[in-house]
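# Close look at the chain arrangement
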Amino acid sequence: MCGIVGYLGEKNAENTLLEGLKRLEYRGYDSAGIAIIKNGKVTSRKAVGKIVNLEKKINGKNMDAGIGISHTRWATHGKPTEENAHPHLSCDGNIAVVHNGIIENYQALREELKKKGHKFVSETDSEVLAHLIEEFYKNDFKRAVCEALKLVEGTYGIAVIAGDKPQEIIVARKGSPLVLGIGENENFVASDVAAILGYTKQVVYLNDGEIAKITKNNFEITDLDEKKIDSEISEIEWSLEESQKGGHDHFMLKEIMEQPKVIVDSTRGRLMPDEGTVRLGGLEAVEEKLRKIERIIILACGTARYAGLVGEYMMEEYAEIPVEVEFASEFRYRKPILDERTAVIAISQSGETADTLAAIREAKRKGALTLGIVNVVGSTIARETDAGVYNHAGPEIAVASTKAFTSQLIVLTLMTVLLGRQRKMSEVTGRRIIEEIEKLPKKIEKILGAKDDIKKLAKKYADYPNFMYLGRKYCFPLAEEGALKLKEISYIHSEGFAAGEMKHGSIALIDEDFPVFAIAPKDSVYEKNISNIEEIRARMGKIIILTTEGNKEAEKIADDVIYIPKTLEMLTPILGVVPLQLFAYYISCFRGLDVDKPRNLAKSVTVE
Ligand code: M6R
């Protein structure tokens, strides 16, 4: 989604901002823009499409400014045009604003401002901010921003500059993330740490309702009434190298290949094999409360929700706690019934997904214990939940989530062991799960070693217009995840179903042009899966079976077979997802698509 980068210091602001914007490209956008101050005047440049188009506009006209703000826009109100791209300027051109989020009362504000003589040039909700600040600006710039924001309904992360205040950037946040980057003789602001990782690792996360004035050597945070707020400088753990492609053609492939290491990183220091349990530092403070909970609700979106569905099966089977998994986007519009015996777990890679955040806030209001499984350290969900566990998967840049999913499954397994051992799970069972977790990295390496076979298979199937994925029990959510991976990066229509549900309608779709990807490891539901596969075979459907090594029977009934090593049934999705990711990845490559930045999608969905 939209990205913000601001800079103030001794470097060339245009180059620094362009560099920062490029690091946010993965989030998805359709236009970009920049505004700098030189000799007391704001100059802005914008371009539709890729950042390189903006770069071309700046090349040769680089003003070597020391201050500026910039933005990548993912269109919500109005098409991706130069007029609608940010920064937006006030009528006198003195004020420039970049904005993430949605101003819900923008129509009313726009009408009022028009009556006062303001001229609008875009169709966006964001432009009202520039005019509103202009309306309040006498000589105290920050005050004007505060007054303007008091009239705004909706969400925002903003950065604002004024030509007559060339030493400061004002930034503010409500519902859309912003982080200050603290350097030497320079400071930054960004909507995502990835933008500033190459310059500084010292950051301050802004909270909702906070506004900051940033100068070259200082920053000062207050609320909108300008009451001072103390802040804490944190250190980013991720390195710049981790956020680069490392020799791979795409971030997605790099992130798929990283999964053996991700398992090691997300379990490091957490396994206690001798005692058949785990240690999760982030949950220690609430361990006693966890002992008493009687119900769990998992809230998440997209891939994270599929991880949650696997978690549901695990926690019910091994910890014997009833679990429900909800679409985060639906949760607060129902009448959720919660109490202090309910724990709500939000799963989110980015920790900024608007729907998940809103759901967790609703759960908190209703008195539930809120926990997070979050990858991005310091993100809003990580900060707003009562306790939580970080994935430690490192930065995930490709829009299609891969290593975050496997690390979510690992964390859910660890939580299952913790909750199970607090209840009836024996030490032997706990130990058995831990032993199997420790074997996963090698097993994933083996699957990755056969990636060329999956590439060949992808070539064979790349031109089919439809796909169906089937699975049962632990592999039902995997079928949904496989279908999501394929559709989001290859634009092939694909659906994931619980195998047993297929014959209640969807089987009508099957013919020789509608391949089925059946996930059928040798587990407790294998025989049932085979019956469903036979039903498809009888209707001439092409079949790919993903099954356990050594299962030669699969070759007799399938057109193609992919093998994965044996593991515990509950851990099968961690192995099974890898071929599904590779299959989708290679199909997208064969179709010549933008694998890392599929159309219409954004890495982190920060609007409802
Ligand atoms: O950052 P989050 O984990 O909260 O994101 C949730 C979904 O938007 C995300 O998993 C999405 O479905 C992925 N792009 C799928 O690959």
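The shown structure was predicted, so the numbers you read here are calculated from the model rather than taken from an experiment.

## Looking at the pairing of strand β8 (residues 169-174)
Across the six residues that make up β8, a large majority, five, are buried. Relative to β8, strand β7 (residues 156-162) runs antiparallel, the two being bridged by five bridges. Residue pairing for β8: G157 is matched across the bridge by R173. With antiparallel pairing between neighbouring strands as the criterion, β7 and β8 make up a hairpin whose turn holds six residues. Bridge count between β8 and strand β12 (residues 210-214): five bridges; the pairing is antiparallel. Along β12, the bridge assignment pairs I169 with I214.

## Some words on the environment of D560
Tracing the chain through its elements places D560 in strand β26 (residues 560-564). Separated by 42 residues in the primary sequence, D560 and A602 have C-alpha atoms spaced 33 Å apart. Those residues within four positions of D560 in sequence are excluded, and the remaining contacts are L457, K460, Y461, I543, I544 and I545. Among the polar contacts listed, one links the side chain of D560 to the side chain of K460, at a separation of 2.6 Å.

## A few points about the sheet that holds strand β3 (residues 41-48)
Within a sheet, each strand pairs with its neighbour through backbone hydrogen bonds, oriented either parallel or antiparallel. Across the sheet, which stays open at both edges, the eight strands sit in the order β3-β2-β4-β1-β10-β9-β11-β14 with antiparallel pairing between neighbours. Of all strands in the sheet, those bounded by a partner on one side alone are β3 and β14 (234-235). In terms of strand pairing, strand β11 (residues 202-205) meets β14 through two bridges, oriented antiparallel. Of the residues in β14, the one forming a bridge with Q202 is E235. Set on the sheet, helix α2 (residues 51-58) makes contact with β2 (31-38), β3 and β4 (67-73); between it and β3 the angle comes to about 135°.

## Thoughts on the pattern of salt bridges
When their charged atoms lie close together, side chains carrying opposite charge are able to pair. What the rule picks out here adds up to 39 salt bridges. Each of K142, R143, E147, K150, D225 and E226 takes part in a single network of salt bridges with overlapping partners.

## A word on the nonpolar core
Residues L283, I296, L371, F467 and F583 are the most contacted members of the largest nonpolar core, which totals 124 residues. Per element, the largest residue contribution to this core is eleven residues, and it comes from helix α19 (residues 572-590). Ignoring anything within four residues of it in the chain, the contact list for L371 reads L283, V286, L290, A343, V344, I345, A346, I360, T385, A387 and M415. Counting residues in hydrophobic clusters, the runner-up holds 28 residues, among them V145, V152, Y156 and L224.

## Topic: the site of the ligand
Taken together, 14 residues surround the ligand, and among them S348, Q349, S350, T353 and E488 come closest. Contact distances for the ligand include 2.4 Å between an oxygen atom and a side-chain N or O atom of T353. For the ligand, an oxygen atom lies 2.4 Å from a polar atom in the side chain of E488. Among the elements of the structure, α9 (302-319) and α16 (476-490) are those that each provide at least two residues to the shell around the ligand. In terms of residue class, the shell around the ligand is built from five nonpolar, seven polar and two charged.

## Quick notes on the sheet that holds strand β19 (residues 342-348)
The strand order across the open sheet built from five strands is β18-β17-β19-β20-β21, with neighbouring strands paired in parallel fashion. Each edge of the open sheet is held by one strand with a lone partner, namely β18 (323-327) and β21 (387-390). For this sheet, the mean inter-axis angle between neighbouring strands, taken without regard to orientation, is 20°. Note: strand β20 (residues 369-374) against β21, four bridges, orientation parallel. Of the residues in β21, the one forming a bridge with V374 is Y390. Sheet strands in contact with α9 are β17 (295-300), β18 and β19, and its direction is about 170° off that of β18.

## Some points on the domain arrangement of the protein chain
Under the domain assignment, the protein chain is made up of domain 1 (3-236), domain 2 (251-445) and domain 3 (452-590). Facing the 31 residues of domain 2 at the interface are 26 residues of domain 3. Carbon and sulfur atoms make up 75% of the surface buried where domain 2 meets domain 3, a total of about 2,600 Å² over both sides. In terms of surface lost to domain 3, no three residues of domain 2 exceed Y306, Y313 and K443, which account for 21% of the buried area on that side. The interface formed by domain 2 and domain 3 holds zero salt bridges in total. Joining domain 2 to domain 3, the criterion identifies nine residue pairs in polar contact (both at pLDDT 80 or more). Going through the elements one at a time, α6 (251-257), α7 (259-267), α9, α13 (403-422) and α14 (427-449) are the ones with two or more residues in the side of domain 2 that touches domain 3. It is α9 that contributes the most residues to the side of domain 2 that touches domain 3, nine residues altogether. Its residues placed into classes, the side of domain 2 that touches domain 3 shows 19 nonpolar, eight polar and four charged.

## Concerning the packing of aromatic side chains
Counted under the stated rule, the structure contains twelve aromatic pairs. Ring geometry for Y461 and F467: centres 5.9 Å apart, planes at 65°, overall edge-to-face. As far as burial versus exposure is concerned, Y461 and F467 are alike and both buried. Here F467 and Y469 contribute two aromatic rings whose centre-to-centre distance is 6.0 Å and whose plane-to-plane angle is 45°, an arrangement assigned as tilted. Across this residue pair, the class does not change: F467 and Y469 are buried. Pairwise contacts between aromatic rings join Y461, Y464, F467, Y469, F517 and F583 into one cluster. Its guanidinium or amino end placed over the ring of F327, R305 lies 3.7 Å from that ring's centre, counting from NZ or CZ. Just above the ring of Y491 sits the side chain of R599; from NZ or CZ to the centre is 3.8 Å.

The rules we used
- Residues numbered from 1 in each chain as written.
- Predicted model: local features only at pLDDT ≥ 70, side-chain atom pairs only at ≥ 80, totals over all residues.
- Heavy atoms only, no water.
- Buried < 20%, exposed > 50% of the residue type's maximum accessible area, 1.4 Å probe, protein only.
- Helix = DSSP H or I, 4+ residues; strand = E, 2+ residues; numbered from the N terminus.
- Pairing = 2+ DSSP bridges.
- Contact = heavy atoms within 4.5 Å.
- Polar contact = N/O pair within 3.5 Å; in protein donor to acceptor, adjacent residues only side chain to side chain.
- Axes fitted to C-alpha atoms, helices over the stretch in contact; angles between N-to-C directions.
- Salt bridge = Lys/Arg side-chain N within 4 Å of Asp/Glu carboxyl O.
- Core = buried A, V, L, I, M, F, W, Y, C linked by side-chain atoms within 4.5 Å.
- Near = heavy atom within 4 Å.
- Nonpolar A, V, L, I, M, F, W, Y, C, P; charged D, E, K, R; others polar.
- Domains from an automatic or database assignment.
- Buried area = accessible area lost by both parts, 1.4 Å probe.
- Phe/Tyr/Trp six-rings, centres within 6.5 Å; stacked < 30°, edge-to-face > 60°.
- Lys NZ or Arg CZ within 6 Å of the ring centre and 35° of its normal.

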